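An overview of the molecular structure
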Amino acid sequence: MPATDRDDPAADPEAQRRHPYLFRAVTRRRKPRLRRTDITVTDEAAVKRAVKAASLGNAMEWFDFGIYAYLAVTLGHVFFPSGNDTVQLLSSFATFAVAFLVRPLGGMVFGPMGDRLGRKKVLALTMILMAVGTFAIGLIPSYASIGFWAPALLVFFRMLQGFSTGGEYGGASTFIAEYAPDRRRGYFGSFLEFGTLAGYVAAAGLVTALTTWLGSDTMEAWGWRVPFLVAGPLGLVGLYLRLRLDETPAFQKLENESARASEAADTVETTTKGDLAKIFREQWPTLILCIALVGAYNITDYMLLSYMPTYLSDELGYSETHGLLILLAVMVLLMLVITQVGRLSDHFGRKPVLMAGMLGFLLLSLPAFLLIGRGGVPAITAGMLMLGLSLVCMLGTMSAALPALFPTDVRYGSLSVGYNLSASLFGGTTPLVITALIGATGSNLMPAYYAMGAALVGVIAVACMKETARQPLEGSPPSVETPEEAAELVMSRAPEPRF
């Protein structure tokens, strides 16, 4: 008899009949019966506090990041030598991209740290670093005042922003996913990207209001500093909210099991280097899938939410305020529907909703940019809405889909590494690459072609991923909303009685 048959208790019916109790014990050992104590019953108030703190913190992080994107033209004039406008803009976007180059480093440091020390502590630390970096940018003297040191300091604090952001998305999405009940993970996860949109809207709204009130000359003289200086107090608010939270139930259970295990001392001595080696050694197929999904998502995200105002003003000749106002209206609309998209992903599954978003960019990017190129508020708005509604399918789903790719013990680290490697390579470089492509080809349709290429990769990645909606996170017990639901789940998993 082959080894595989000997390993299978059901392979020999005669042996089963002779030793029924022995085979039943082997089966129970291999597939232990689900007990009520194995199931996490979530506290709705605690879930809402966790979602609020993670989402508000995320909003503040992306408010800080959005400010730079929306002031790219002004910052190019302030921090880089006068001369060619395109060179100044490219220098500004290159500095924008620098923050993304250090994001993988931040992910490799903060991610494994979050798996060892806890999600809450690391998310508080990332909040502090981002607030410090953004506030400091608002204090840097201009190039006219201190010369070379102005762009050097700008690059340094942008790198600090990027380093802190490396631990933000992986931690915040993991935090919400581990708090949320299995059946509503998409809905609660969508609030994280609601926070992202809120941060962008706040940044765009503040920049638009200041530009309208002060005018371009005053904005370039000192008005650009105001949005950066606002980040300090906002960071303290986010820090306070995050420090009030408890650790996630999934991490607490994992921590308790580790403390009881005989190798507890080895767990304490685990190094970040060892954690990273384990992630790359054991999770590399899933990391590749994560990088492909995040790359497609980030290119389309940064193209629309960060680059589009600059595209409208610099390439098509509209005023900066004009482009920001249209983008603001589109983002507010996306905020109104994003949680409903999260509900849809809970009901129909992550894959169908993500696929709709990827196919939307693949098929609609070119028509959308042709509309935008025609000019006029109705055409530009229609084109941006086509892109926005495709993007919201990803925004409302990705923050629940990505944490479910990895097991609990390496979730924060794996997601931080995969997400930030992809964001570094494809997300933050999007404005720089598109600007360079337009300059090289002279075609204003290059953003559409770039988004279509990204979406094609995304379609393949979504087709390869597993469906995780309404299922427990890998390595975590089932999570439900009520004791009644827990009892129902135990009964559904219980073996049928035999008489």
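Whatever comes next refers back to the structure up there.
Residues numbered from 1 in each chain as written. Predicted model: local features only at pLDDT ≥ 70, side-chain atom pairs only at ≥ 80, totals over all residues. Heavy atoms only, no water.

As for the overall build of the chain
Put simply, the rule reads: Counting from the N terminus, the helices are DSSP H or I runs at least four residues long and the strands are E runs at least two residues long. For accessible areas, the Shrake-Rupley method is used with a probe of radius 1.4 Å. Any residue's cover is judged against the shown protein chains and nothing else.
Counting its secondary structure elements, the chain contains 24 helices and 2 strands. Surface summary for the chain: the accessible area is close to 21,300 Å², and the carbon and sulfur share equals 64%.

Details of the nonpolar core
We apply this condition: Working definition of a nonpolar core: buried Ala, Val, Leu, Ile, Met, Phe, Trp, Tyr and Cys residues. They are joined through side-chain atoms within 4.5 Å. We call a residue buried when its accessible area falls under 20% of the maximum for its residue type, exposed when it is over 50%, and partly exposed in between, using a 1.4 Å probe and counting protein chains only.
If you look at the biggest cluster of nonpolar residues, it comprises 117 residues, and the most contacted ones within it are Tyr70, Phe79, Met308, Met331, Met384, Leu387 and Leu402. Top contributing element to this core by residue count: helix α17 (residues 284-315), with 16 residues.

Quick notes on α17
Heads up, the rule is: The span expected for a helix works out to 1.5 Å for each residue beyond the first. Two axes define the bend at a residue: one fitted to the seven residues ending there, one fitted to the seven starting there, and the bend is the angle between them.
Counted at 1.5 Å a residue, the expected span for α17 with its 32 residues is 46 Å, but the 40 Å between its end C-alpha atoms falls short. Taken as a whole, α17 carries its principal kink of about 65 degrees at Tyr307; the proline Pro309 stands between one and four residues after it. Of all 32 residues that make up α17, 25 are buried, and the element is covered over most of its length. Among the residues trailing α17, Gly317 stands out with phi positive, at a value near 85 degrees.

Quick look at the pattern of salt bridges
Applicable threshold: For this analysis, a salt bridge means a side-chain nitrogen from Lys or Arg found within 4 Å of a carboxyl oxygen belonging to Asp or Glu.
Here the structure, examined in full by the defined rule, presents 9 salt bridges. Across the pair Asp115 and Arg119 runs a salt bridge, and its minimum N-O distance is 3.0 Å. Summarising the burial analysis for this pair, Asp115 and Arg119 share the class buried. Through salt bridges with shared partners, a single network forms among Asp115, Arg119, Glu178 and Arg411.

Comments concerning the packing of aromatic side chains
We apply this condition: Stacked, edge-to-face and tilted are the three classes for Phe, Tyr and Trp ring pairs, Trp counted by its six-membered ring, which pair at centre distances within 6.5 Å; planes under 30 degrees apart are stacked, over 60 edge-to-face, the rest tilted.
Per the counting criterion, the structure on display carries 12 aromatic pairs. Considering the side-chain rings of Phe79 and Trp224, the 5.3 Å spacing of their centres and the 75 degrees angle between planes classify their relative orientation as edge-to-face. Of this pair, Phe79 sits in helix α5 (residues 72-79) while Trp224 is found in the loop between α12 (185-223) and α13 (225-243), placing the two residues 145 residues apart along the sequence. Its relative accessible area of 0% is what places Phe79 among the buried residues. In this structure Trp224 comes out as buried when scored by relative accessible area, which is 0%. A centroid spacing of 5.8 Å and a plane angle of 45 degrees characterise the contact between Tyr307 and Tyr311, whose relative ring orientation is tilted. With Tyr307 and Tyr311 both in helix α17 and 4 residues apart, this pair spans about one turn of that helix.

As for unusual backbone geometry
Although it is not a glycine, Arg470 adopts a positive phi angle of roughly 65 degrees. For Arg470, the location among the structural elements is in the loop between α23 (446-464) and β2 (479-480).

Focus: the packing of helix α4 (residues 44-70) against α17
Quick reminder of the rule: Lines fitted to C-alpha atoms define the axes here, with helix axes fitted over just the stretch in contact, and angles between the N-to-C directions of these axes take values from 0 to 180 degrees. Only heavy atoms enter the contact rule, under which two residues are in contact if any of them lie within 4.5 Å. Each residue is assigned to one of three groups, with Ala, Val, Leu, Ile, Met, Phe, Trp, Tyr, Cys and Pro labelled nonpolar, Asp, Glu, Lys and Arg labelled charged, and all others, Gly among them, labelled polar.
Two elements in contact, α4 and α17, have axes separated by 9 Å at closest approach and are oriented at 35 degrees. Where α4 abuts α17, its residues Trp62, Ala69 and Tyr70 lie against Tyr302, Leu305, Ser306, Pro309 and Thr310. Of the residues that constitute the contact of α4 with α17, the class distribution is 6 nonpolar, 2 polar and no charged.

Notes on the environment of Ser390
The condition that has to hold: Identification of polar contacts relies on pairs of N or O atoms within 3.5 Å, with a donor-acceptor requirement for protein atoms, meaning one able to donate a hydrogen and the other able to accept it, and with residues adjacent in sequence counted only if both atoms are side-chain atoms.
Within the secondary structure layout, Ser390 lies in helix α20 (residues 377-401). Under the relative-accessibility criterion, Ser390 is labelled buried at 5%. Sequence separation of Ser390 and Ser365 is 25 residues, and the distance between their C-alpha atoms is 9.5 Å. Residue contacts for Ser390: discarding those within four places in its chain leaves Gly357, Gly360, Phe361 and Leu364. One polar contact links the side chain of Ser390 to the main-chain carbonyl oxygen of Met386, over a distance of 3.1 Å.

Here we look at the environment of Gly166
You can see Gly166 is positioned in the loop between α10 (149-165) and α11 (168-179). Considering only alpha carbons, one finds Gly166 and Leu421, 255 residues apart in sequence, at a separation of 9.3 Å.

Here's the deal with the side chain of Asp182
Position of Asp182 among the secondary structure elements: in the loop between α11 and α12. Judged by its relative accessible area of 5%, Asp182 is buried. Polar side-chain contacts of Asp182 include one of 2.3 Å to the side chain of Arg185. Of note is the side chain of Asp182, whose polar atom sits 2.9 Å from the backbone nitrogen of Ser479. Not counting chain neighbours up to four residues away, the residues in contact with Asp182 comprise Arg470, Gln471, Pro472, Leu473, Pro478 and Ser479.

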